[in-house]
Amino acid sequence: MATVDDDFDRLFDFMNQPLSTLFNDAGFTGSSFKVDVKDNGTSYELKAELPGLTKDNINLTYQNNYLTISTKKEESHDEKDEHGNYIRRERYSGSMSRSFYIDNIEEGRCTAEFQNGILTVTLPKSAATIDAPKQIPIRTIE
């Protein structure tokens, strides 16, 4: 009898949750994700916060001077009682994408790492971008 009561209580706990909190565990609680872009002098560094995702959920492309980070995640949760009847079934699919205009980089030397929900992308600047500013002489006209 305790199992039926526990299942019944769980059902009511589930029904009392606001719809927006159902998939907090999936890491998709908003429509976007946080990104920091840093100029390190010789390269740009982007750090994107992607909690709840794996490397396989992330796609990273650079085309026409745009770096695009896109994600897609699909989940399914099934809970059954001891007789195999569904107590709860949920399916979720979500995606997010952000693009950044970054030109004058060496595409062949770009790197990306994903660790503990943080994607770090390093984009080395091309040699023309790293050069020190050139002084332009000013003539005096009399």
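Rules and cut-offs
- Residues numbered from 1 in each chain as written.
- Predicted model: local features only at pLDDT ≥ 70, side-chain atom pairs only at ≥ 80, totals over all residues.
- Heavy atoms only, no water.
- Helix = DSSP H or I, 4+ residues; strand = E, 2+ residues; numbered from the N terminus.
- Buried < 20%, exposed > 50% of the residue type's maximum accessible area, 1.4 Å probe, protein only.
- Contact = heavy atoms within 4.5 Å.
- Areas by Shrake-Rupley, 256 points an atom, 1.4 Å probe, with all protein chains shown as cover.
- Phe/Tyr/Trp six-rings, centres within 6.5 Å; stacked < 30°, edge-to-face > 60°.
- Lys NZ or Arg CZ within 6 Å of the ring centre and 35° of its normal.
- Pairing = 2+ DSSP bridges.
- Axes fitted to C-alpha atoms, helices over the stretch in contact; angles between N-to-C directions.
- Core = buried A, V, L, I, M, F, W, Y, C linked by side-chain atoms within 4.5 Å.

Explain the overall build of the protein chain to me, please; I cannot follow it from the model alone.
Scanning the protein chain from terminus to terminus reveals two helices and seven strands. Taken from N to C terminus, the helices and strands of the protein chain fall in the order α-β-β-β-β-β-β-β-α. Scored against the burial criterion, the 142 residues of the protein chain give a buried share of 27%. For the protein chain, the proportion of contacts with a sequence separation of at least 24, taken over those separated by at least 6, is 56%. Entry remark: accessible area of the protein chain is about 10500 Å², with carbon and sulfur atoms responsible for 48%.

When you look at the environment of Glu 49 in this model, what are you seeing that I'm missing?
Here Glu 49 shows up in strand β2 (residues 43–49). Owing to a relative accessible area of 37%, Glu 49 belongs among the partly exposed residues under this scheme. With 15 residues separating them along the chain, Glu 49 and Lys 34 place their C-alpha atoms 5.5 Å apart. In this structure, Glu 49 is in contact with Phe 33, Lys 34, Gly 117 and Ile 118, ignoring residues within four places of it in sequence.

What am I meant to see in the packing of aromatic side chains here?
Each aromatic ring pair is described using two quantities: the centre-to-centre distance and the angle formed by the ring planes. Per the counting criterion, the structure on display carries one aromatic pair. Considering the side-chain rings of Tyr 66 and Tyr 101, the 5.2 Å spacing of their centres and the 70° angle between planes classify their relative orientation as edge-to-face. Here Tyr 101 lies in strand β5 (residues 86–101) and Tyr 66 lies in strand β4 (residues 66–80), a separation of 35 residues in the sequence. Residue classification places Tyr 66 among the partly exposed residues on the basis of a relative accessible area of 41%. For the cation-ring pair, Lys 125 lies above Tyr 44, with the distance from its terminal atom to the ring centre recorded as 4.9 Å.

How should the sheet that holds strand β3 (residues 58–63) be read in this particular structure?
Sheet strands line up and pair through hydrogen bonds in the backbone, either parallel or antiparallel. The strand order across the open sheet formed by three strands is β3-β4-β5, and the pairing between neighbours is antiparallel. The outermost strands of the open sheet, each flanked by one partner alone, are β3 and β5. Direction aside, neighbouring strands of the sheet carry axes that sit 10° apart on average. For β4 and β5, the ladder comprises 15 bridges, and the chain directions are antiparallel.

I tried to follow the sheet that holds strand β1 (residues 35–39) on my own but got confused; where do I start?
Spatially, four strands are ordered β1-β2-β7-β6 in an open sheet, and the strand pairing comes out antiparallel. The two strands at the open ends of the sheet, each matched to only one other strand, are β1 and β6 (111–115). Neighbour-to-neighbour, the strand axes of the sheet open up by a mean angle of 15°, direction not taken into account. Sheet analysis places β1 next to β2, joined by five bridges and oriented antiparallel. The residue of β2 that forms the bridge with Asp 36 is Lys 47.

Explain the pairing of β6 here, please?
A regular strand carries its side chains on alternate faces of the sheet. One ladder, built from five bridges, connects β6 with strand β7 (residues 118–124); its direction is antiparallel. Paired with Thr 111 across the strands is Thr 122, a residue of β7. Taking the residues between adjacent antiparallel strands as the criterion, β6 and β7 are bridged by two residues, where Asn 116 takes a positive phi near 50°.

Just to check I follow, could you spell out the nonpolar core for this structure?
Grouped burial of nonpolar side chains is what soluble globular proteins tend to show. Formed by 18 residues in total, the largest nonpolar core has its most connected members in Leu 46, Leu 50, Ile 69 and Leu 123. Here Leu 123 is in contact with Ser 43, Tyr 44, Leu 46, Leu 67, Ile 102, Ile 105 and Cys 110, once residues within four sequence places are set aside.

Distances and angles like these do not, on their own, reveal function.
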